[in-house]
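Now for the letters of each chain:
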Amino acid sequence: MHFGMFMQFETRPGGSQAAAFAEGFELVDTAEECGLDGAWLAEMHFTPDRSVLSSPITIASSIATRTRRLRIGMAVYVLPLNNPLRIAEEVATVDQISQGRFDFGIGRSGFARSYDIYSVPYDESRDRFREALDIILQAWEGEPFSYDGSYYQVANATVAPLPYQRPHPPFRMAATTAETFPRAGTDGYPIFVGLRGMDIPELRDNLKQYRAAWKAAGHPGQGDVSLRVPVYVGLTETGAIEEPFESIQAYFGRMGRLYAADSGSAGIQATELRDQRASRLSALSYDDILSTKVAFGTPAGLVDRFTELREDLGLDGVVAELNAGGMIPHEVVMRNIRLLTEKVMPAFR
C-alpha cells in the first residue's frame, strides 16, 4: 500500500511565511530520509493565514531537485484556474527534472472562492476541466495540434518538453461528489477520496459505483483508490486521542465554515450539497471524528485502523494529513512521520 503525506505548507499563527517554507522543506527531507513513498501538494490561493502553497508546481520542482527517491504529486492541480498549455509545459518540466517521479493529481476544487477572485465562473468549472484535460493530453502527444473549445482555443501548438514518463505521468483524480466516481471509473483514472464531506457508508457506496464503471469500461483490475485522511501517531493511546484534539477540532470547524460560506455560489445542487456537509460537520462530536473521520492511534493501533479501512474500502494507498488544523507542533509532526514510516508502513509491505 502506498503511503504519502498531504502538504499545505501551513502558516502557523504568529509565524512567518519564511518559516512555513522552511518547515515544509524540512518535512520533505525527513520523508525522503525515512522512506515515505510520496509528497502530495495542495493548491491554496488567497489564504495567507493558512498556507503559502499558491504555486505548488514551483514547490514540486524544488522538491524534485532536493530528493532522489520520493515521488512528488499534486493534490490537486486545479485545472480550470490555469491555462492548459501552461500546465502541460510545467508538469512535463517537473517530470523531466525528477526523472519520472511526478504524479499528476487533478481536480476542479470543491470551493468557489478562488474562482470568484480569479473571475472564473464556478458553474463553468466542470466543462472547463474536461476541455483543459483534453488539451493537456493532446499536447503530450508531441505533435502540432489545434483545439476549438467553448473556453479554450489552441492554434497549431507544439509543446516542449514532453514528459519523462510516456505517454504521460500517472493521473489521479479527486472524487468529492457522487457523480465524479463513475466518471473517473469510466475514464480509468485512479482517485483520491476523503472523509471530510462524506461518511464511510457513503464513501463505500460511491466506491462501488467507481469500480462498477471501471469494470464496465473494460479497464484491467478494479481501479486505484487513495484515502486522504488526518493521521496522528501517538506514543500512548491516551496521547493519540488527547494531543491532536485542539487542532482537529479547529480543522473540522473551519471546514464547516468554508462549506457554509461557499453555499449559494454555484447553483442549487452545489448549494444543497454544501449546506448538508456544513450541517454534518457542525454536529460532529469528538467521538464521531475519531471513529469516522481520522486515523489517530499508537503505531499498533494505526496498523489495525489502516487494515480495517483497507478491507472496508479497498484502499490502495493512504495520503496522511500530518498537521490537520495547522496546530500540531513541528517537532511532533516530524516525530509522527518517523513513527509512521518505521512502525506502521512495514506492516503493509
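Now for a look at the structure at hand.

Procedures and definitions
- Residues numbered from 1 in each chain as written.
- Predicted model: local features only at pLDDT ≥ 70, side-chain atom pairs only at ≥ 80, totals over all residues.
- Heavy atoms only, no water.
- Helix = DSSP H or I, 4+ residues; strand = E, 2+ residues; numbered from the N terminus.
- Rg over C-alpha atoms; globule rule 2.2 N^0.38 Å.
- Buried < 20%, exposed > 50% of the residue type's maximum accessible area, 1.4 Å probe, protein only.
- Contact = heavy atoms within 4.5 Å.
- Areas by Shrake-Rupley, 256 points an atom, 1.4 Å probe, with all protein chains shown as cover.
- 1 Å grid on protein atoms, 1.4 Å probe; cavity = no way out; pocket = protein on both sides within 12 Å on 5 of 7 lines; lining within 4 Å.
- Points joined across faces, edges and corners; volume = space filled by probe spheres on them.
- Axes fitted to C-alpha atoms, helices over the stretch in contact; angles between N-to-C directions.
- Parallel < 35°, antiparallel > 145°, perpendicular 65-115°, else oblique.
- Left-handed = near helix turned anticlockwise from the far one by under 90°.
- Pairing = 2+ DSSP bridges.
- Right-handed = clockwise from strand over helix to strand, strands pointing away.
- Core = buried A, V, L, I, M, F, W, Y, C linked by side-chain atoms within 4.5 Å.
- Phe/Tyr/Trp six-rings, centres within 6.5 Å; stacked < 30°, edge-to-face > 60°.
- Lys NZ or Arg CZ within 6 Å of the ring centre and 35° of its normal.
- Salt bridge = Lys/Arg side-chain N within 4 Å of Asp/Glu carboxyl O.

### Some remarks on the overall build of the chain
Thinking step 1. In terms of helices and strands, the chain carries 13 helices and twelve strands.
Thinking step 2. Computed over its C-alpha atoms, the radius of gyration of the chain comes to 20 Å, within 12% of the 20 Å expected for a compact globule of 349 residues.
Thinking step 3. Principal-axis analysis of the C-alpha atoms places the extent of the chain at approximately 60 × 45 × 45 Å.
Thinking step 4. Out of the 349 residues belonging to the chain, those deemed buried represent 54%.
Thinking step 5. Taking the intrachain contacts of the chain between residues at least 6 apart in sequence as the baseline, contacts between residues at least 24 apart amount to 73%.
Thinking step 6. Here the chain has roughly 14800 Å² of accessible surface; of this, 50% comes from carbon and sulfur atoms.

### What about the environment of G4?
Thinking step 1. Within the fold, G4 resides in strand 1 (residues 2-7).
Thinking step 2. The exposure class assigned to G4 is buried, which follows from its relative accessible area of 1%.
Thinking step 3. Residues G4 and T292, 288 residues apart in the sequence, show an inter-C-alpha distance of 20 Å.
Thinking step 4. Residues in contact with G4, not counting those within four places in the same chain, are L36, G38, W40, V318, V319 and A320.

### Looking at empty space enclosed by the protein
Thinking step 1. Applying the stated criterion to the full structure yields four cavities of 30 Å³ or more.
Thinking step 2. Here the largest cavity is characterised by a volume of approximately 170 Å³.
Thinking step 3. Every residue lining the largest cavity is counted, 14 residues in all, and those nearest its centre are E10, G24, L27, N323 and V333.
Thinking step 4. Taken together, the elements giving at least two residues each to the lining of the largest cavity come down to strand 1, helix 1 (17-34) and helix 13 (330-344).

### Quick look at the packing of helix 1 against helix 2 (residues 56-66)
Thinking step 1. Their axes nearest at 11 Å, the elements helix 1 and helix 2 cross at an angle of 40°. Relative to helix 2, helix 1 is oriented oblique. Here the hand of the crossing between helix 1 and helix 2 comes out right-handed. Along its contact with helix 1, which presents F21, F25, V28 and D29, the element helix 2 presents I59, S62, I63 and R66.

### Overview of the pairing of strand 8 (residues 171-174)
Thinking step 1. Of the strand pairs in this sheet, strand 5 (residues 102-107) and strand 8 are connected by three bridges, and their pairing is parallel. The residue bridging G105 from the neighbouring strand is R172, located in strand 8.
Thinking step 2. Bridge count for strand 8 against strand 9 (residues 191-194) is two bridges, and the pairing is parallel. Within the sheet, the bridge partner assigned to M173 lies in strand 9 and is I191.
Thinking step 3. Crossover connection from strand 8 via helix 6 (residues 180-187) to parallel strand 9: handedness right-handed.

### Brief notes about the nonpolar core
As a rule of thumb, soluble globular proteins bury nonpolar side chains together.
Thinking step 1. Membership of the largest hydrophobic core comes to 103 residues, with the highest contact counts inside it found for M5, L79, F104, I191 and F306.
Thinking step 2. At seven residues, the largest contribution of residues to this core is made by helix 13.
Thinking step 3. Sequence-distant contacts of F306, defined by excluding residues within four places in its chain, comprise M1, F3, V231, A295, V318, L340, V344 and F348.
Thinking step 4. Ranked by size, the runner-up nonpolar core spans six residues in total, among them L81, A112, V120 and Y122.

### Focus: the packing of aromatic side chains
Thinking step 1. Following the criterion strictly, the structure yields 17 aromatic pairs and no others.
Thinking step 2. Residues F3 and F306 carry aromatic rings whose centres are separated by 5.7 Å and whose planes lie at 75° to one another, so their mutual orientation is edge-to-face. Of this pair, F3 sits in strand 1 while F306 sits in helix 12 (residues 299-313); the two residues are 303 residues apart in sequence, bridging distant segments of the chain. The pair formed by F3 and F306 is uniform in burial state, with each residue classed as buried.
Thinking step 3. The interplanar angle of 70° and the centroid separation of 6.1 Å between the aromatic rings of Y232 and F296 together place this pair among those described as edge-to-face. Note that Y232 is positioned in strand 10 (residues 225-233) and F296 in strand 11 (residues 295-297), a separation of 64 residues in sequence.
Thinking step 4. The side chain of R128 reaches across the aromatic face of Y152, ending 5.9 Å from its centre.
Thinking step 5. In this structure, R172 is placed above the aromatic ring of F192, and the distance from its NZ or CZ to the ring centre is 5.8 Å.

### Brief notes about the pattern of salt bridges
Thinking step 1. Per the counting criterion, the structure on display carries 14 salt bridges.
Thinking step 2. Across the pair E179 and R126 runs a salt bridge, and its minimum N-O distance is 3.0 Å. Of this pair, E179 sits in the loop between strand 8 and helix 6 while R126 sits in helix 5 (residues 125-139); the two residues are 53 residues apart in sequence, bridging distant segments of the chain.
Thinking step 3. When its relative accessible area of 29% is taken as the criterion, E179 is described as partly exposed.

These figures come from the coordinates and say nothing about function on their own.
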